Amino acid sequence: MSSWSDSCIWWHVYPLGFTGAPIRPTEAERVLTPRLDALEPWLDYLIALGANGLALGPIFTSETHGYDTVDFYSIDPRLGDDAAFDRLIAACRRRGINVMLDGVFNHVGTAHPSFRAAMAGDERAQELFRLEHTDAGVTHQDFEGHRGLAALNHDSDAVVELVADVMRHWLRRGAMAWRLDAAYAVPPEFWARVLPRVREEFPEAWFMGEVIHGDYADIVTRSGMDSVTQYELWKAIWSSLLDENFFELDWCLKRHNELLAAFTPLTFIGNHDVTRIATRLGGAKAALAVVLLLTVGGIPSIYYGDEQAFRGEKTERLGGDDDVRPAFPAGPEQLSPLGAPMLRLYQDLIALRRRNPWLATATTVTRHLDNRAYSYDTLGPDGQRLAVELRLEPAPVAVVTAPDGQVLRIGGDAGSGQ
């Protein structure tokens, strides 16, 4: 475990969407454009929010959405080049911001040169992929039915060496952490072979896996990852608030306590793959979701725009992610003022969390539970106590009482943004 990760609060950005890059580009649109530079005007906004980590979605050369990589060693020309990456890293370092990269190591796009070589019969290249040899020829295993995504062969020594080398390459360039995309689809034993090789050179690096279902603690132990995405808590938060049934949340927080004894999960209420929390719940209940995110243990990740109460629905169709991966304006001053109440709520709760850093590993104890009202204490290792009360009727309200006696009262108007 790194020495800095528990104090990190991530602002999660999907760069291709954030910068307005074409997601399904024509050849003419693949021209080198340093769109990563558009992130620098937002770094002070990240700091003002209270965050100190920038979690970037895919930035390596790909065919479309970034998760169909064709070159792990180059910046997608729609976003810039090595020089643009270096400028962003330098700007983050000046502000004390750690950068996490998105590593898509379960699969590559079928336009990847090594995959094309494998399909042409190159035996060394074939070692990299899960291929099937049939009477009709060679075919490939894909990722979740997407034929444009060729699954890597995680039993192969060559893939172990490739992934370890890619990680070291970008850590040398200034990244501090890796999000391991689709880690749930990769055998934990693969990461157990890769990560020690990377840690030999970068002992302070942090590795967080995207895991949706399963035994999170066991996966962390077997893989050697530092953390995984806490999808159980994400689902319990929005589902309990939507259905007005806090029993689900209470059960999940007990499970969350058990996880915290083993590792510190990455917590979130929004990301690039799910419908916006304000769309699911409306502004008033979304504000209560923010309270939950920032008053329980974990390493919080805030998806860009959620702190402005942005709306957006994910749908199952071509381009169905576009609505939750929008372009941002050139600078914070161009944001609509309608998002200001939600932004202030995030700032107030993050400031409380900064004053009480023990919250990262704190556990919760239930004080009151029924369908539409829930109260809990968040407890630190040295007797610290944060009290939280949530009520859904007659209107959604939360009251947070800090150890120093400060009281935050959150009402339904906090989430009336865009």
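Residues numbered from 1 in each chain as written. Predicted model: local features only at pLDDT ≥ 70, side-chain atom pairs only at ≥ 80, totals over all residues. Heavy atoms only, no water.

- Looking at an unreviewed UniProt entry, one finds the chain named Cyclomaltodextrinase, with Actinomyces succiniciruminis as its source organism.

### Looking at the sheet that holds strand 16 (residues 363-370)
Point 1. Taken together, the five strands give an open sheet; going across it, the order is 16-17-18-19-20, and neighbouring strands pair in antiparallel fashion. Each having just a single partner strand, strand 16 and strand 20 (407-410) make up the two edges of the open sheet. Neighbour-to-neighbour, the strand axes of this sheet turn through a mean angle of 10°, independent of strand direction.
Point 2. Two elements, strand 18 (residues 385-391) and strand 19 (residues 397-401), share five bridges in a ladder whose sense is antiparallel. (Pairing = 2+ DSSP bridges. Helix = DSSP H or I, 4+ residues; strand = E, 2+ residues; numbered from the N terminus. Axes fitted to C-alpha atoms, helices over the stretch in contact; angles between N-to-C directions.)

### As for the pairing of strand 4 (residues 69-75)
Point 1. Across the seven residues of strand 4, five count as buried, placing the element largely inside the fold.
Point 2. Bridging between strand 3 (residues 60-62) and strand 4 involves three bridges; their strand directions are antiparallel. From the neighbouring strand, S62 faces strand 4, where its bridge partner is T69. (Buried < 20%, exposed > 50% of the residue type's maximum accessible area, 1.4 Å probe, protein only.)

### Remarks on the pattern of salt bridges
Point 1. The full count for this structure, using the stated rule, is 31 salt bridges.
Point 2. Ionic pairing is found between D102 and R179, a salt bridge with its closest N-O pair at 2.7 Å. In this pair, D102 sits in strand 5 (residues 98-103) while R179 sits in strand 11 (residues 177-180), placing the two residues 77 residues apart along the sequence. There is no split in this pair, since D102 and R179 are both buried.
Point 3. E232 serves as the salt-bridge partner of R255, at 3.0 Å between the closest nitrogen and oxygen. Taken together, the residues R255 in helix 10 (residues 246-260) and E232 in helix 9 (residues 231-243) connect sequence positions 23 residues apart.
Point 4. By relative accessible area, E232 is classed as partly exposed at 23%. (Salt bridge = Lys/Arg side-chain N within 4 Å of Asp/Glu carboxyl O.)

### What about the pairing of strand 17 (residues 373-379)?
Point 1. The buried count for strand 17 comes to six of seven residues, which makes it a mostly enclosed element.
Point 2. Of the strand pairs in this sheet, strand 16 and strand 17 are connected by seven bridges, and their pairing is antiparallel. Note that in strand 17 the partner of T364 across the bridge is T378.
Point 3. Between the end of strand 16 and the start of strand 17, which pair antiparallel, lie two residues.
Point 4. Alignment of strand 17 against strand 18, held across seven bridges, turns out to be antiparallel. Opposite A373, over in strand 18, you have R391 as the bridge partner.
Point 5. In this structure, the hairpin formed by strand 17 and strand 18 is closed by a connection of five residues, where G383 is found at a positive phi of approximately 90°.

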